[in-house]
Every structure is written in C-alpha cells, then in structure tokens.
Amino acid sequence: MKYRSIKGTRDILPGETARWQHVESVIRRVMADFSYREIRTPIFEQTSLFARSIGELTDIVSKEMYTFLDRSEESITLRPEGTATTVRAYIQNNLGEAAPLTKVYYLGPMFRQERPQAGRLRQFHQFGAEALGSSSPTLDVEAIMLPLQVYKQLGVSETSLKLNSVGCEKCRPRYKKLLQEELLKIQSKLSPESQARLEQNPLRVLDSKDERDQKLTASIPLMKDHLCDECRDHFASVQTLLNHLNIPHIVDGRLVRGLDYYTKTAFEITTSHLGSQDALAGGGRYDLLVEELGGKSTPGVGFAAGIERVLITLEKLGKDKFQEAGPVVFFVGMDDKSREWAFLKSCELRMRGISAELDYLNRSVKAQMREANRLHAKFVVVIGEEELKSRSAKLKNMATGEESPISFDRLDSVL
Ligand code: HAM
C-alpha cells in the first residue's frame, strides 16, 4: 500500500520553507508596524459557528466545508476561514472589555473542499487581520493597506484593488427587493445557477461568471447607487483616505464577496500574475457579526489573503529565491577517529549556539566538500590523523576560498 497526501493538500518541503519563513516574517513585521497582535485559534470549531456567520447559502457552507461528527456526535468543522473563529474567541474571552479596540492578526491553515487547481487547494494558508470595536473608515483603510504593504515589501507588483459597498441592514433589504424585481423581469433568460440564487441571494447574481448573465444584467441597479446616507458617507470617506494615501482603487459595483457577513465596505485585491484564481486577498466590514454570534453589538473589519497565492506570484516574478542560512562550520572527516572528533566538536559548538554540521554517511572527502557547498556552510574544516595529532587544521572560508591555519583551541573564537 502506497500512501499519498489527500487531494488538494501539499507538503511544504524543506527546500520551500525558507520562502514561507521569509513571507511569514514580512507579514509579522507589517502587522507589528500597524500594531496588530497575533491570535491563534483552534483549527476546528462547532459547525454552526461557520454556518451562522458565513451564511447557510454560501458556496463555502453549502458545498465546501469539511464537516464531520466526532465520537460524541457533535458536528465539527475544520475552519474554512479565520473571521468567524476570531470573533468567537473575541466574544468568549471578553476581549472587548479588556480594550475598546482590538486589533489582531492570524496566520495558518484553512480548509475548503473546492476543486483543486493552480492556486486553489483544499488545505491552504491565510494571513489575515481583524479590527474589532470601531466603525471608523480609517480601519477599513488599514485592512486594505495591510496586505498591500506585505505585497510591496515582498516585491509583488501589479496588484489591483477593487472596492464596493454592500450596504447595511437599513439600505440593503430595500435594494435587494428592487434587484429581485428587476431580475424577475429577465428570470427565464438567466443561467440556472442565477435563477436559483434570485430568490435567496440575488446579490450573487451580479457576480455570475456566465457571460449571458453578465450581458443581461449590464444595466441592472447596483447597491452602491442605493446606499443610505450613512453607508454613502462611509464609502466616500474610505475612498478619500485611499486617495490621500495614493492607493489606486477601482469601484466595482458588482463585487459581491462569497461570505454573507459583510456590511458597507467589501474589497478584493487581485494580480495579473495569477491565472483564473487571481484573488490575492479579500475582506471588508462586518458590523453585525459580533452580535449575530452572541456578543455585544461591536463593529468589525478585516481581510484575509492566501499565502500560496502570494508565493505563486513571487515565483512568476522570479522573486522566490531565498538563500537559507547554512551552518557556520562544516567538518570534513577523513577517517573514523576524525569523524568522531567532528561529531563531538559539532555538538559542543551547537550547545554554545554556533551551528555546525558534519558528514554522517562515511562519504569521500570530495563528496563531503560538495555537501558543505550544498548546505552553504560558511567555513569548512578538514580533519584527519595529522590534524588530530597537531590539534590544528585549516579553516576554509567558502565564500573567498581563502584558507588559514587554525589551532583547535582558537577555533571557537573565530567562528
Ligand atoms: P476569502 O475571500 O474567502 O475571505 O479568502 C481570502 C483569500 O484566501 C482569497 O483571496 C485567496 O487568496 C485565499 N483562498 C481562499 N480560498 C482558497 C483556496 N481554496 N486555495 C488557496 N487560497 C485560497 C475570507 O476568508 C474572509 N475571512 C476575509 C475577511 C477577513 N473578511 C473580513 N475579515
């Protein structure tokens, strides 16, 4: 029996982890610059948490969640995203009482049973942030700036920001009715999928990928033109702030995100470097979610971004080569005694916090030198009978090729 990883999951191999660590360190730095602190929530939660927050009728909840009954017959779901879990943790741990504004970020695996393709996995990784406790448009702008700043620091160019307002509980029901009335006029001509959505989730008809649907709805009224005063002012403020910060954006009245909790701002960041799965990040405001999940009425806004997608983009741009830090010293042993000495010396150095490596496979001197090179060792020390006797050896600087004699007693101090 040969075992293989589950479809849509990937091993992140040692040769790739340097890239991941680099991206993660940039994310952490940017989050710190904006004073967001890390939160780590469990990978699985009660199914109803996601159904309630993301929405029963969304693709995520109706088709994509990894849901199972555990041994005590409780319905459990592997988290498909991080907002619901963060809000649950916020309420459960009374974070709102500790501070009137909570700014948190997360990094980690999410699970959705989608059809795997380039840039779309079943276990994928997101970084994201949530700000809870303020309805200020400045925080909508922070949610947009955070991923953009990460992309900028990583050297990802050609991103595009699409922005919309999906209204609030005051203006959206009114608009939804209007939209439904308009859609009913063309109902029979719409794609079967859009016809099914018309009743329960008419806004999703607007972002149908079907070309005929797009033509038929070309002049349909859009939410952004039917906002209440408060939502209109908020949307205008977000755009004004983006302009002040010279952040280009496109208002896309058809942008409807695949999660139901949004109010007011919704946005997506895409890049031309990805194929059909071109969304690098998405987010928006969710002023009703905390209350919906049982907390005190608290506004919130945030974003999440796919880490695999930014890595694919970096690869396309040829910016994914990161030199891993190799050992400070690699000991090449010529015989059994020298290898034993090399092992003991390496352990001694490692215990003092100096990285050291050696050969474990009884390879030839030439092969050991190749290994030292492959690992990007800074120095190589070749040990044989002579060296053990004289308690001195040659220290080779691998970058310059320079060799200098060094006594064993002085070795530690030059590494
Ligand atoms: P989302 O748009 O569902 O939003 O996901 C955000 C990002 O995660 C996407 O833009 C994409 O880069 C990545 N992503 C999603 N699904 C996959 C997949 N199957 N494979 C690879 N990458 C994927 C959310 O998750 C919301 N929680 C964002 C948010 C936070 N809104 C407010 N706060």
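Structure shown above.
Residues numbered from 1 in each chain as written. Predicted model: local features only at pLDDT ≥ 70, side-chain atom pairs only at ≥ 80, totals over all residues. Heavy atoms only, no water.

1. Points about the sheet that holds strand 9 (residues 263-271)
Ordered by their spatial adjacency, 8 strands build an open sheet running 1-5-6-11-10-9-7-8, and the pairing between neighbours is mixed. The sheet is open, and its two borders are formed by strand 1 (37-38) and strand 8 (250-251), each paired with just one other strand. Examined bridge by bridge, strand 9 and strand 10 (residues 279-285) share 6 bridges and lie antiparallel to one another. Counterpart to Thr-270 in the pairing with strand 10 is Ala-279. Against the sheet, helix 12 (residues 307-316) contacts strand 5 (102-111), strand 6 (123-132), strand 9, strand 10 and strand 11 (300-306), and its axis sits at roughly 115 degrees relative to strand 6. (Pairing = 2+ DSSP bridges. Helix = DSSP H or I, 4+ residues; strand = E, 2+ residues; numbered from the N terminus. Contact = heavy atoms within 4.5 Å. Axes fitted to C-alpha atoms, helices over the stretch in contact; angles between N-to-C directions.)

2. Observations regarding the nonpolar core
Grouped together as the largest cluster of nonpolar side chains are 60 residues, with contacts concentrated most on Met-31, Tyr-36, Phe-127 and Tyr-151. Those residues in contact with Tyr-151, other than ones at most four positions away along the chain, are Phe-127, Val-156, Thr-159, Ile-269, Leu-280, Ala-281, Ala-305 and Val-310. (Core = buried A, V, L, I, M, F, W, Y, C linked by side-chain atoms within 4.5 Å. Buried < 20%, exposed > 50% of the residue type's maximum accessible area, 1.4 Å probe, protein only.)

3. Notes on helix 10 (residues 229-244)
Across its 16 residues, helix 10 extends 22 Å between first and last C-alpha, which sits within 8% of the 22 Å expected from 1.5 Å per residue. Buried residues of helix 10: Cys-231, His-234, Phe-235, Val-238, Gln-239 and Leu-242, and no others. All buried residues of helix 10 project into a common sector of 130 degrees when viewed along the axis, lining one side. Along helix 10, the residues that are exposed and aim more than 90 degrees away from the buried face are Asp-229, Asp-233 and His-244. Taken together, the buried residues of helix 10 touch helix 6 (137-154), strand 7 (159-165), strand 8, strand 9 and strand 10. Looking one or two places after helix 10, you find Asn-246, whose phi comes out positive at around 55 degrees. (Expected span 1.5 Å × (residues − 1). Arc of directions from axis to C-beta.)

4. Focus on the packing of helix 2 (residues 47-54) against helix 4 (residues 83-92)
Two elements in contact, helix 2 and helix 4, have axes whose closest approach is 9 Å; the angle formed by their N-to-C orientations is 110 degrees. Here helix 2 is positioned roughly perpendicular relative to helix 4, judged by the angle of their axes. Contact residues: helix 2 offers Leu-49, Phe-50 and Ser-53, while helix 4 offers Ala-84, Thr-85 and Arg-88. A per-class count over the contact of helix 2 with helix 4 returns 3 nonpolar, 2 polar and 1 charged. (Parallel < 35°, antiparallel > 145°, perpendicular 65-115°, else oblique. Nonpolar A, V, L, I, M, F, W, Y, C, P; charged D, E, K, R; others polar.)

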